[in-house]
Amino acid sequence: MTALLRPQDAVLWAEAKPYLDVRNNDEHTLVAYGVAKALLAQLPEAEEDVVLPAILLHDVGWKRIPPDLLLAAIGKNPSRRDLVYEHERHSVVIARDILVRHNVARVDEILAIIDGHDTTSEARSLNDSVMKDADKGWRTTPHGMRVIRGWYGWSLAEYIDMVSVVSNPRLLTAPGRAMAEGFTASLRAELALANYMETGA
Ligand SMILES: [Fe+2]
Ligand SMILES: [Fe+2]
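An account of the accompanying structure is given in this report. (Residues numbered from 1 in each chain as written. Chains lettered and ligands numbered in written order. Predicted model: local features only at pLDDT ≥ 70, side-chain atom pairs only at ≥ 80, totals over all residues.)

## Quick look at the overall build of the protein chain
Scanning the protein chain from N- to C-terminus turns up 10 helices and zero strands. Ordered by position from the N terminus, the helices and strands of the protein chain form the series α-α-α-α-α-α-α-α-α-α. The C-alpha atoms of the protein chain give 17 Å as radius of gyration, which agrees with the globular expectation for 201 residues (17 Å, within 12%). Overall size of the protein chain, expressed as C-alpha extent along the three principal axes, is 60 × 40 × 30 Å. Classification of the 201 residues of the protein chain by burial places 34% in the buried group. (Helix = DSSP H or I, 4+ residues; strand = E, 2+ residues; numbered from the N terminus. Rg over C-alpha atoms; globule rule 2.2 N^0.38 Å. Buried ≥ 20, exposed ≤ 12 C-beta atoms within 10 Å, placed from the backbone.)

So, in structure tokens, the structure goes:
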């Protein structure tokens, strides 16, 4: 992982990994980390020392939610929204322990972003916005689409509908929106192409 992670983040990743072996969270975390780095490059006012530890640790709390309930907590019409609050609270507790043990600076700012990363939709700070956009923007990446379509068995059209209605409107930064809208436009074009090949229309 040295090609992707900063050395100081590799230490946190090693600590986070045992908590991320549910619901593809390990892959989601690393790909979202890559997206966060790209957004940080576009938004020099945002601070990587806050955003990157937050993205690495934001979802560790899912480990404490019963596995059979994970997919009911998210998706297009979630029936167990309470579990989204619960995973945030667990993430904060686990992340605090990891960050303090490794003497990471700005623990309170990192934890404030982790707490509410899914259940608040406003931009609470630029760092918060970048972390949220990396997390939600991941859904439109090729990796996010592959993983999420696999969870729910969604067609490409159903997936485009979900990101267009549920996910993309929540993005907060201009680069995050551009990334998500660009990926989504490419999916719409792919769908139109597939229909054209089938029907000629
Ligand atoms: Fe989350
Ligand atoms: Fe996440």
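## A word on helix α2 (residues 25–42)
The α-helix winds at 3.6 residues per turn, so residues separated by three or four positions along the chain end up facing the same way. Under the 1.5 Å per step criterion, the end-to-end length of α2 is 25 Å for 18 residues, consistent within 8% with the ideal 26 Å. Residues of α2 that are buried sit in contact with α1 (7–16), α3 (48–57), α7 (126–137), α8 (142–152) and α10 (174–199). (Expected span 1.5 Å × (residues − 1). Contact = placed C-beta atoms within 7 Å.)

## Overview of the packing of α3 against helix α6 (residues 107–114)
Where α3 contacts α6, the two axes come as close as 9 Å, and the packing angle between them is 50°. Classified by the interaxial angle, the pair formed by α3 and α6 is oblique. Taken as a pair, α3 and α6 cross one another with a handedness that is right-handed. Residues V50, P53, A54 and L57 of α3 touch α6, and the partners they reach there are E109, I110, I113 and I114. Here the residues of the contact of α3 with α6 are counted per class, giving seven nonpolar, no polar and one charged. (Axes fitted to C-alpha atoms, helices over the stretch in contact; angles between N-to-C directions. Parallel < 35°, antiparallel > 145°, perpendicular 65-115°, else oblique. Left-handed = near helix turned anticlockwise from the far one by under 90°. Nonpolar A, V, L, I, M, F, W, Y, C, P; charged D, E, K, R; others polar.)

These values are about where atoms sit, not about what they do.
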